[in-house]
Amino acid sequence: MPQSLATRYPLVLVPGMLGFVRIGLFPYWYGIVPALRAGGAQVFPVQVAPLDSNEVRGEQLLVQIERIRRETGAEKVNLIGHSQGSLTARYAAAKRPEWVASVTSVAGPNHGSELADYFHTHYPIDSVKGRLLSALLHLVAWLMGLLETGYRGPRFKADLQASHQSLTSAGVALFNRQYPQGLPDTWGGQGAAQVNGVRYYSWSGTLQPGKTDRGRNLFDGTHRSCRLFARSFVREKGQCDGMVGRCSSHLGVVIGDDYALDHFDIVNQSLGLVGKGAEPIRLFVEHARRLKAAGV
């Protein structure tokens, strides 16, 4: 077997809000896990609460890390988090840096999401619209848990309010004051490459007319959702992936922040239906090589 992607420490993939390992035959990290494993990498897609705070999810991730370390004999792991999974990974690394070799944020709202701010303002939890939205998302989380086939551990409780608050600009600002590792000192800048022995990286995408709205995205409903959600952005209007702003995604070494990828394309969703010329799997493969070259 080729070993070009065989990193020193296992790769642990952490999903975002309403994330999963596999629903039926439909994996969250579509095509990414097999591509990494084909290059010799040890890869563990994990599950944490689909709806809960960064801190609760982070504690659940630490339990998963401890299990993986025990099963593999590895001293550390490389964490790769998508969306809220990035904040989850950051928490785990801040709490137990001796267990984590690197944290990679993929379209992570490291300074909050303007979309979350919009829902906070227009769909308050105590309003009729807010209660209806909450009921819908709790139902979705319950159904996804029922159909989950890639995770066989204990069920997680759902806390939409905690999850939502953890993604607003104010909620993430509070989180960042407690766990600032890898954050840029200036808006749109890069953060420290290494803190407490943990390496930090990030990449993200933006909606780009003529690219992201072409190709197989023409058949992908999640892309239309991203285009609709992008209308809620003000500070990073025209510079977001539909859910996370370009500069808001920055953490550590910024590998790239303008790939022609929406928030779902970046993990090759849905079922590989991505924009024209997009190659999200390649970004993960290249990053595995980057981590291997760094000795982690």
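Since this is a predicted model, take the numbers as computed values, not measurements.

A. The arrangement of the pairing of strand β6 (residues 100-106) in detail. In terms of burial, β6 is largely enclosed, as seven of its seven residues are buried. Here strand β5 (residues 77-82) pairs with β6 via six bridges, running parallel. Note on β6: the bridge partner recorded for Ile80 is Thr104. For the handedness criterion, the β-α-β arrangement of β5, helix α3 (residues 84-95) and β6 is classed as right-handed. Here β6 pairs with strand β8 (residues 198-205) via five bridges, running parallel. Note on β8: the bridge partner recorded for Val106 is Trp203.

B. Fine view of the packing of helix α2 (residues 54-72) against α3. Relative orientation of the contacting elements α2 and α3 amounts to 65 degrees, with a least axis distance of 8 Å. In terms of orientation, α2 lies roughly perpendicular with respect to α3. α2 and α3 meet at a crossing whose hand is right-handed. Here α2 contributes Asn54, Glu55, Arg57, Gly58, Glu59, Leu61, Leu62 and Ile65 to the contact with α3, which in turn contributes Gln84, Gly85, Leu87, Thr88, Ala89, Tyr91, Ala92 and Lys95. Of the residues contributing to the contact of α2 with α3, the split by class is seven nonpolar, five polar and four charged.

C. How the structure looks around the environment of Asn268. In this fold, Asn268 is placed in the loop between β9 (253-259) and α9 (280-293). Look at Asn268 and you get buried, because its relative accessible area is 7%. With 91 residues separating them along the chain, Asn268 and Arg177 place their C-alpha atoms 32 Å apart. Only 2.8 Å separates the side chain of Asn268 from the backbone oxygen of Tyr30, close enough to count as a polar contact.

What counts as what
Residues numbered from 1 in each chain as written. Predicted model: local features only at pLDDT ≥ 70, side-chain atom pairs only at ≥ 80, totals over all residues. Heavy atoms only, no water. Buried < 20%, exposed > 50% of the residue type's maximum accessible area, 1.4 Å probe, protein only. Helix = DSSP H or I, 4+ residues; strand = E, 2+ residues; numbered from the N terminus. Pairing = 2+ DSSP bridges. Right-handed = clockwise from strand over helix to strand, strands pointing away. Axes fitted to C-alpha atoms, helices over the stretch in contact; angles between N-to-C directions. Parallel < 35°, antiparallel > 145°, perpendicular 65-115°, else oblique. Left-handed = near helix turned anticlockwise from the far one by under 90°. Contact = heavy atoms within 4.5 Å. Nonpolar A, V, L, I, M, F, W, Y, C, P; charged D, E, K, R; others polar. Polar contact = N/O pair within 3.5 Å; in protein donor to acceptor, adjacent residues only side chain to side chain.

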